[in-house]
Amino acid sequence: MILVTGSAGFIGANFVLDWFAQHDEAVVSLDKLTYAGNLENLASLKGNPRHIFVQGDIGDAQLVGKLLAEHRPRAVVNFAAESHVDRSILGPGDFIQTNIVGTFHLLEAVRAYWQNLPPSAGGGVTRDSFRFLHVSTDEVYGSLAKDEPAFSETHRYEPNSPYSASKAASDHLVRAYHHTYGLPVLTTNCSNNYGPYHFPEKLIPLMIVNALAGKALPVYGDGQQIRDWLYVRDHCSAIRRVLEKGRLGEVYNVGGWNEKANLDIVHTVCALLDELRPRPDGKSYREQITFVTDRPGHDRRYAIDARKIERELGWKPAETFETGIRKTVQWYLDNQAWVSNVQSGSYRLWVEKNYAGRAR
Ligand code: NAD
Ligand code: TYD
């Protein structure tokens, strides 16, 4: 049994679905179901007795303590977070609350549970076998110049957005719980993910969804900012590998050596849609690209040096960018009901309030 937080979000849901494709080990899912959490992402697990979903907050230490005592998981995998940089700029409060304060309460509940486990040997989970895996981002390292080497695990922390600062703080808390209390932690810092169930406020799904809706494709600034892209299921396989084989207290950077400029990403999405779902007027979706005001403090480049996880744990991604992006565009074409469902509630109201008059 493992406990997965944030399991109704993009990566958490992919992780749980992928977990059951590999294992029959039970999962307790804890998710607050914010605008970004959708139970529909886990709909294929409905009726599966090995999956237990609980709606709740990682910051509710009493609830987390109760779940830990009841289910006695051998590991906690923490995906729960506020995750969108633009939202963190418009309102950082929820990011501080969930990513920092929430992670702190989660760690406290986990520490109390772990300290009461039997020390070692015997059947079941022990203090030696338990793991707390914290899922984090490469954005904690800040922005790279064009010619700088990619982020290794020893790169200095230099977060630039409220989102990345809040994730950096949570990474530090996790580290401190290992060094101070001996909590058996692992941390992964991954590059930008893409794939199914990606909420359509992030670059790739927003471009697909807006293109199909005949809306503008808003490219921030000159579109030459670089991100390093990894197909979400490859991130999930890396997390599973770190959980099983990672050295305690270590950090593993996760990425697939796929640096791309944003404008190139948008062109690729347009080209795939031109092929798979041509516009009725025969023109390219590129016509919809609109350059808009840049994001404040926009990081210019992220890039992951993945040599440690490759060398130590033998992990490699299964998808290239070309195969992964084609699957992703096809998934959005095949799942337009999912798109309209996730857009219909609080997300739509939030966009209307915060982006009124901007190309969106
Ligand atoms: P997401 O926004 O799609 O999902 C986050 C999930 O957490 C949602 O289901 C939401 O309901 C839940 N949640 C939010 N606050 C909560 C709380 N207080 N208690 C319980 N649940 C809560 O995010 P994602 O893209 O799936 O990211 C998951 C994790 O991976 C985050 O920690 C993020 O920092 C990290 N990460 C994301 C990327 C990426 O490219 N998306 C890359 C590297 C790391
Ligand atoms: P995003 O998907 O928000 O991820 P992150 O900011 O965590 O990297 O954005 C990816 C890149 O795309 C980032 O450089 C900002 C840019 N971007 C746009 O140009 N237009 C958009 O509408 C969005 C959402 C992002």
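In what follows, the structure referred to is the one given above.
Rules used in this analysis
- Residues numbered from 1 in each chain as written.
- Chains lettered and ligands numbered in written order.
- Predicted model: local features only at pLDDT ≥ 70, side-chain atom pairs only at ≥ 80, totals over all residues.
- Heavy atoms only, no water.
- Pairing = 2+ DSSP bridges.
- Helix = DSSP H or I, 4+ residues; strand = E, 2+ residues; numbered from the N terminus.
- Axes fitted to C-alpha atoms, helices over the stretch in contact; angles between N-to-C directions.
- Phe/Tyr/Trp six-rings, centres within 6.5 Å; stacked < 30°, edge-to-face > 60°.
- Buried < 20%, exposed > 50% of the residue type's maximum accessible area, 1.4 Å probe, protein only.
- Near = heavy atom within 4 Å.
- Polar contact = N/O pair within 3.5 Å; in protein donor to acceptor, adjacent residues only side chain to side chain.
- Areas by Shrake-Rupley, 256 points an atom, 1.4 Å probe, with all protein chains shown as cover.
- Nonpolar A, V, L, I, M, F, W, Y, C, P; charged D, E, K, R; others polar.

Caption draft 1: Quick peek at the sheet that holds strand β11 (residues 259-261). If you walk across this open sheet you meet the 3 strands as β7-β9-β11, and the pairing is mixed. Either end of the sheet is taken by a strand with one partner, and the two such strands are β7 (192-194) and β11. Adjacent strand axes in the sheet meet at a mean angle of 50° when their direction is disregarded. In this structure, β7 lies alongside strand β9 (residues 226-231), joined through 3 bridges in parallel fashion.

Caption draft 2: Structural view of the packing of aromatic side chains. As enumerated under the stated definition, the model contains 17 aromatic pairs in all. Residues Y194 and Y231 carry aromatic rings whose centres are separated by 5.6 Å and whose planes lie at 70° to one another, so their mutual orientation is edge-to-face. Here Y194 is found in strand β7, whereas its partner Y231 is found in strand β9, with 37 residues between them in sequence. On the basis of relative accessible area, Y231 is assigned to the buried category, the value being 8%. Aromatic side chains Y197 and W338 sit 6.0 Å apart centroid to centroid with 80° between the ring planes, which places their arrangement in the edge-to-face category. Of the two residues, Y197 is situated in the loop between β7 and α6 (203-212) and W338 in helix α11 (residues 336-344); the sequence distance between them amounts to 141 residues. In this structure, Y197 and W338 share a single accessibility class: buried.

Caption draft 3: A look at the site of ligand 1. Lining the immediate environment of ligand 1, one finds 28 residues, of which I11, D31, S83, Y163 and K167 sit closest. Within the side chain of S83, a nitrogen or oxygen atom sits 2.6 Å from an oxygen atom of ligand 1. Computed on the free molecule, ligand 1 has an accessible area of 840 Å², of which 97% lies beneath the protein chains in the complex. Only α1 (10-22), β5 (131-137), α5 (162-181) and β7 provide two or more residues apiece to the shell around ligand 1. For the shell around ligand 1, the element with the highest residue contribution is β5, accounting for 3 residues. For the shell around ligand 1, the class distribution of residues is 12 nonpolar, 12 polar and 4 charged.

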